[in-house]
Amino acid sequence: MSQIIIEKDVPCTLRDGVTLYANVYRPNQPGMFPTLLSRLPYNKNLPNFSHRYIDPIRLVEQGYVVIIQDVRGRFASEGEFQPFNQEFNDGYDSVEWAASLDFSNGQVGLFGLSYYGFTQMFAAMSQPPSLKAIFPAFTGHNIAEKFSERQGAVELAKLQTWMLDSVAPDYLKKKQTAEQYKHTEKQLIEDLDHIFDWHAYTPYAEWPPMMKHESIQQLYTDYINNNLISDTLIDITKIQTPGFHMAGWYDCFLNATINNYTETVQNNSNQKLMIGPWGHGVFSPYFGDRYFGLHSSGDDIDGKDDVTSLHIKWFDYWLKGRSSDVIEDAPIQLFVMGSNKWRSEYEWPLTRMNYTPLYLQKDNNLSFNKPVEDRSYKQFKYDPNHPVPTKGGPSLFMHGTNTGPLDQHDVESRDDVLIYTTEPLKQPVEVTGPIKAYIYASSDAVNTDFTVKLTDVQPDGTSINVTEGIVRAKHQHPNFKPGEVTLFEIDLWATSIEFLKGHRIRIQISSSNFPMYDVNPNTGYSLKDTTEMTIANQEIHHSDRYPSHILLPVINS
C-alpha cells in the first residue's frame, strides 16, 4: 500500500472572507491529481466522516486527492450555519479552491449523501467551471417546497430528529461557553434518549428540546415553517454536470432523488440512476424484517461492485478519461424486490409498464375487477389522541430505528386501520414504477388526513410494507366539506417488487402514521400551533359510483 499524506484543518477562504476548514488526504508521491470533495455539516474529523458507505482511503490509493470539508458554521469552519441556503456560493467557491491547490490538476468531483448530496446539487447549479462530475446519494434539491412536507402532512420525525440529533449539539456548542455547554450537552442527551416521547409534544412549534435553548429557537422555527431557503436560488436546469444518482426504495429522499435524475437528464444525458432495497445510508442485505440477498448489499452490488468501486469507476471516466463499464451500462439500475434481482433500464418511468387498477371491494377484498355494488363503504373512527404508530417505511428516526420493511401485524390489528387483500396470486405480479391511490372518502371533520400503505402478504400471513403515502384533505381540496364524498389522489412514490406466486397484495387505509407525519387534529388547525383535537368519523367508499383503487405500474413478462 502506498503511503498517504493527511493534512488537517486546511483553510479555504470564501468570497466574503469566511474561512472553512477541511481535511485533505492525498497520495504521497509527486504529481497533480484529480480532486474529490465532500462538504458536510457532521464533522470532518469523525471516523465515519463519509457516512460509513464509502472508503475515501481507497479513493486516494486510486490516485485521487480527497477533501472532507466542514460547511460554513459547522465544527471547525467559521461563519453562521444557515442550512442549505449557504451552499450555492460556498459550494462554488470551495470547488474552485480545491481545483487551485498545488497538488490538484484542476479536475474536481463531488460526492456524499443526504445533506452532502444537497451540497453537490446546489454547487452544480452554481456551475463552477472546475466541477466535472458529481455522485449525489439519498438526497434532493427542492428544499423550499418539499423537504419536510408530503401532500400537506409534515414529516415530523425527520424534522425533529435532524434538528435535535444532527444540528443542535455543534450549533449550541458554538454559541455557548464551555461551562454552559456542559449543562446543555446533558440536556441534549436526555432529550435524545426520550425523543420518541417528545415527538408527541404539542404544539410542536414550541417543542421543548429546541425552545429551552434560546440561540437555536429561530433556526428551528424557520425549519418547521420551510423558511430555510429561497426558491429563487433553485434552478436544476442549470446543472450541466454528469451525475450518478443513488437512491433506496425505503429512503426518506427516494422521490427527491428520482426527481434529481429525471429533471437533470432532460438537459444533460450524462446521468445515471441506481435504486437499491436500501434505507437512508443503509446498504445491508438484512434490512428490517427482510433479507434481499448478498447482491443487494452495498458491498456486493449485483456481484460486480461495491459502493466505493462505483465511485472510482464513475470519477475515473469523467476526471481521468478512462473507459468504464459503469458508463457503458444502461443509465438506470433497479433492484426488483421479491425476486431480488438487479435489472438494467433505459427510461423512468418504464415505457413498457401497464398502469393497472386494483380495486377495493366489500368484505375487505382487493381485486383487479371494478366493484359492481351500488353502495359499499367501510367506516372507522380516527382519534388523533391515539394515532396509528409508524411501523417501518421511508422514515428517518434516531439511529435508523423503525425504518424499512417491517411486519405490520400490530398496525393491521387496530380498529382504525382498514385492510383490503387480494386472493393468493396464481402468477407473480411485478410492480415497478410510480404508484398512486385514488380513494373516495368522506369525513365529519372540517379537515383530516388519509393514509394508504401497500404491503406484501407472505404465505404465512406476514404482511410487510412496500410503500406508502398520505394526504391532508384541505391541502388537496381547499374547499373540502364534511360529509361530502371526495376523491383523493394519494402519491405512494415508487417501488419495484415482484409479488410472488402464493403471496397476496394488501393495502392499509387509515388517517395517521405517527410520528413519521404530524397528527391531523381534525379541527382545521395544525398541532404545530394548537393542542386541541377531536375524533373524526371516516368513510372509505368502494362501489360502482365510487371505485376506490390503487393504480399499479405492472410489468408484463
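Under an unreviewed UniProt entry, the name given to the chain is CocE/NonD family hydrolase, and the source organism is Alkalibacillus filiformis.

Asker: Which parts of the structure should I look at to understand a nonpolar patch on the surface?
Answerer: A surface patch of nonpolar side chains, amounting to about 370 Å² of accessible area, comprises Tyr286, Tyr291 and Leu294. Using a relative accessible area of 59% as the deciding quantity, one classes tyrosine 286 as exposed.

Asker: Looking at this structure, how should I read the environment of glutamine 151?
Answerer: Within the secondary structure, glutamine 151 is located in the loop between β7 (149-150) and β8 (153-154). Distance in space between the C-alpha atoms of glutamine 151 and serine 284 is 30 Å, their sequence separation being 133 residues.

Asker: Help me understand the pattern of salt bridges, please; the structure alone is not making it clear to me.
Answerer: Opposite charge on two side chains makes pairing possible when the charged atoms of those side chains draw close. Using the criterion set out here, one finds 28 salt bridges in the structure. Close ionic contact of arginine 15 with aspartate 93 constitutes a salt bridge, the shortest N to O distance being 2.8 Å. Within this pair, whereas arginine 15 is found in the loop between β1 (4-13) and β2 (19-27), its partner aspartate 93 is found in helix α2 (residues 87-100), the two being separated by 78 residues in sequence. By relative accessible area, aspartate 93 is classed as buried at 13%. Its salt-bridge partner being arginine 150, residue glutamate 468 comes within 3.0 Å of it at the nearest N-O pair. Of this pair, glutamate 468 sits in strand β21 (residues 463-472) while arginine 150 sits in strand β7, and the two are 318 residues apart along the sequence. The exposure classification of glutamate 468 matches that of arginine 150, with both residues buried. Linked through salt bridges whose partners overlap, the residues forming this network are Arg343, Glu345, Arg352 and Glu430.

Asker: Even after reading the chapter, I still don't get the pairing of strand β6 (residues 131-137), so can you show me in this structure?
Answerer: Every other side chain in a regular strand lies on the same face of the sheet, so the side chains alternate between the two faces. Of all seven residues that make up β6, six are buried, and the element is covered over most of its length. Where strand β5 (residues 104-113) lies against β6, six bridges are found, and the strand directions are parallel. Counted as the bridge partner of leucine 113 is alanine 137 from β6. Note on the crossover from β5 through helix α3 (residues 115-126) to β6: the handedness is right-handed. Examined bridge by bridge, β6 and strand β9 (residues 243-248) share two bridges and lie parallel to one another. Along β9, the bridge assignment pairs isoleucine 134 with glycine 243.

Asker: Any chance you could explain the UniProt feature "domain: Xaa-Pro dipeptidyl-peptidase C-terminal" (unreviewed entry) in the chain here in plain terms?
Answerer: Feature annotation in UniProt assigns "domain: Xaa-Pro dipeptidyl-peptidase C-terminal" (unreviewed entry) to the following positions: residues 312-551. Counted over residues 312-551, helix gives 9% and strand 39%. Its end C-alpha atoms are 39 Å apart.

Asker: It is not clear to me how the side chain of threonine 35 should be interpreted in this structure. Could you clarify?
Answerer: Secondary-structure assignment places threonine 35 in strand β3 (residues 33-40). Only 3.1 Å separates the side chain of threonine 35 from the side chain of serine 104, close enough to count as a polar contact.

Asker: Would you mind going over the pairing of β9 with me for this structure?
Answerer: Judged by how many residues are buried, β9 sits mostly within the fold: six of six residues are covered. Here β9 shows two buried faces, one formed by Gly243, His245 and Ala247 and the other by Phe244, Met246 and Gly248. Relative to strand β10 (residues 271-276), β9 runs parallel, the two sharing six bridges. Each bridged residue has a counterpart across the sheet, and for glycine 248 the counterpart in β10 is glycine 276. The parallel pair β9 and β10, bridged by helix α10 (residues 254-264), forms a crossover whose chirality is right-handed.

Parameters at a glance
- Residues numbered from 1 in each chain as written.
- Predicted model: local features only at pLDDT ≥ 70, side-chain atom pairs only at ≥ 80, totals over all residues.
- Heavy atoms only, no water.
- Patch = residues over 30% accessible without salt bridge, like charges linked within 9 Å, V, L, I, M, F, W, Y side chains within 5 Å.
- Areas by Shrake-Rupley, 256 points an atom, 1.4 Å probe, with all protein chains shown as cover.
- Salt bridge = Lys/Arg side-chain N within 4 Å of Asp/Glu carboxyl O.
- Buried < 20%, exposed > 50% of the residue type's maximum accessible area, 1.4 Å probe, protein only.
- Helix = DSSP H or I, 4+ residues; strand = E, 2+ residues; numbered from the N terminus.
- Pairing = 2+ DSSP bridges.
- Right-handed = clockwise from strand over helix to strand, strands pointing away.
- UniProt positions renumbered as here; feature names shortened; annotations may be inferred.
- Polar contact = N/O pair within 3.5 Å; in protein donor to acceptor, adjacent residues only side chain to side chain.

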